[in-house]
Amino acid sequence: MIDIAPFLTAVPGNALQGLTTLDQRWQALCQGRQPAAAQVVGTASDPLGALDVDVVICGGTLGILLAASLQIRGWRVAVLERGVLKGRAQEWNISRSELQTFVALGLLTPTELETAIASEYNPARIAFHQGIEIWVKDVLNVGVDPVYLLATLKQKFLQAGGILWEKCAFQNATIHTDGVKVHYINHLTQNTKAVTAQLFIDAMGHGSPIVQQARQGQRPDGVCLVVGSCAQGY
């Protein structure tokens, strides 16, 4: 058995700690030891009055797609990102036909779209070990470069007047009669601030504290393994 810990320790982004945390969460899930979810969303009966922006989006990796689209259409949008908004060096798979949505929405030019495509293949093979092979055409046949895609959308969002707060993590939100107040902490200054909006969008993914509150410890119906995984023991 090869000890891969020394290799993972050398990977940027604290990959070993990430995998250790994932393994602990998976074991807790399998054993029914889901921790009690914190109450991060509440309500209040008083109005907020004048609002800072129209939309607050928490989670920049996926949120920037919505943010850029809304901002260029005249909405006032603020994005909260707990780290630095940038893509990872790992391709995202999508169908080429679906990518045309970026052009239709005015987020990318045709040239930028082609630049964002890192790889393309057709047909694609679907198979499990010792199972039946299935070949599909025009389905998830494109690999997109997230680094280029997010950098391009981030630039267009900011140029359109969008507000981006990096190193700022969501803490809690209060829903009022005329909007929502979102509290967040700036990891650079350790100061807690708030922003008000008409609409709050949670784009923080499956680890979102809002999702955890909504599920109240309920186990998921299923688990999706990432294509290309080659690990055992989870």
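Residues numbered from 1 in each chain as written. Predicted model: local features only at pLDDT ≥ 70, side-chain atom pairs only at ≥ 80, totals over all residues. Heavy atoms only, no water.

Enquirer: How should the side chain of Lys154 be read in this particular structure?
Expert: In this fold, Lys154 is placed in helix H6 (residues 146-159). Look at Lys154 and you get buried, because its relative accessible area is 19%. Reaching out from Lys154, the side chain makes a polar contact with the backbone oxygen of Leu85 at a distance of 3.4 Å. Polar contacts involving the side chain of Lys154 include one to the side chain of Glu166, which spans 2.9 Å. Leave out the neighbours within four places in its chain, and Lys154 touches Ile64, Leu85, Leu164 and Glu166. (Helix = DSSP H or I, 4+ residues; strand = E, 2+ residues; numbered from the N terminus. Buried < 20%, exposed > 50% of the residue type's maximum accessible area, 1.4 Å probe, protein only. Polar contact = N/O pair within 3.5 Å; in protein donor to acceptor, adjacent residues only side chain to side chain. Contact = heavy atoms within 4.5 Å.)

Enquirer: In this structure, what is going on with the packing of aromatic side chains? I would like to understand it.
Expert: The description of an aromatic ring pair rests on the distance of the ring centres and on the angle between the ring planes. Taken as a whole and judged by the stated rule, the model has two aromatic pairs. The interplanar angle of 15° and the centroid separation of 5.7 Å between the aromatic rings of Phe170 and Phe200 together place this pair among those described as stacked. Highlighted residues: Phe170 in strand S10 (residues 168-176) and Phe200 in strand S12 (residues 191-202), separated in sequence by 30 residues. Relative accessible area serves as the criterion here: at 13%, Phe170 is assigned to the buried category. (Phe/Tyr/Trp six-rings, centres within 6.5 Å; stacked < 30°, edge-to-face > 60°.)

Enquirer: I tried to follow a nonpolar patch on the surface on my own but got confused; where do I start?
Expert: The grouping of Ile126, Ile132 and Ile134 at the surface amounts to a nonpolar patch, some 310 Å² of accessible area in total. When its relative accessible area of 41% is taken as the criterion, Ile126 is described as partly exposed. (Patch = residues over 30% accessible without salt bridge, like charges linked within 9 Å, V, L, I, M, F, W, Y side chains within 5 Å. Areas by Shrake-Rupley, 256 points an atom, 1.4 Å probe, with all protein chains shown as cover. Salt bridge = Lys/Arg side-chain N within 4 Å of Asp/Glu carboxyl O.)

Enquirer: How do you make sense of H6 when you look at a structure like this?
Expert: Count 3.6 residues to each turn of an α-helix, and residues three or four apart come out pointing the same way. The end-to-end C-alpha separation of H6 is 20 Å, in line with the 20 Å expected for 14 residues at 1.5 Å each. Among all positions of H6, only Pro146, Leu149, Leu150, Thr152, Leu153, Lys154 and Phe157 are buried. Between a side-chain oxygen at the N-terminus of H6 and the backbone nitrogen of Val147 the separation is 3.1 Å; the capping residue is Asp145. Positive phi appears at Gly161, one or two residues downstream of H6, with a value of about 100°. (Expected span 1.5 Å × (residues − 1).)

Enquirer: When you look at the packing of helix H3 (residues 60-71) against H6 in this model, what are you seeing that I'm missing?
Expert: Angle between the axes and distance between the axes are the two parameters that describe a pair of packed helices. Where H3 contacts H6, the two axes come as close as 9 Å, and the packing angle between them is 40°. The orientation of H3 relative to H6 falls into the category oblique. H3 and H6 meet at a crossing whose hand is left-handed. Along its contact with H3, which presents Thr61, Ile64, Leu65, Ala67, Ala68 and Gln71, the element H6 presents Leu150, Leu153, Lys154 and Phe157. Of the residues belonging to the contact of H3 with H6, the class tally is seven nonpolar, two polar and one charged. (Axes fitted to C-alpha atoms, helices over the stretch in contact; angles between N-to-C directions. Parallel < 35°, antiparallel > 145°, perpendicular 65-115°, else oblique. Left-handed = near helix turned anticlockwise from the far one by under 90°. Nonpolar A, V, L, I, M, F, W, Y, C, P; charged D, E, K, R; others polar.)

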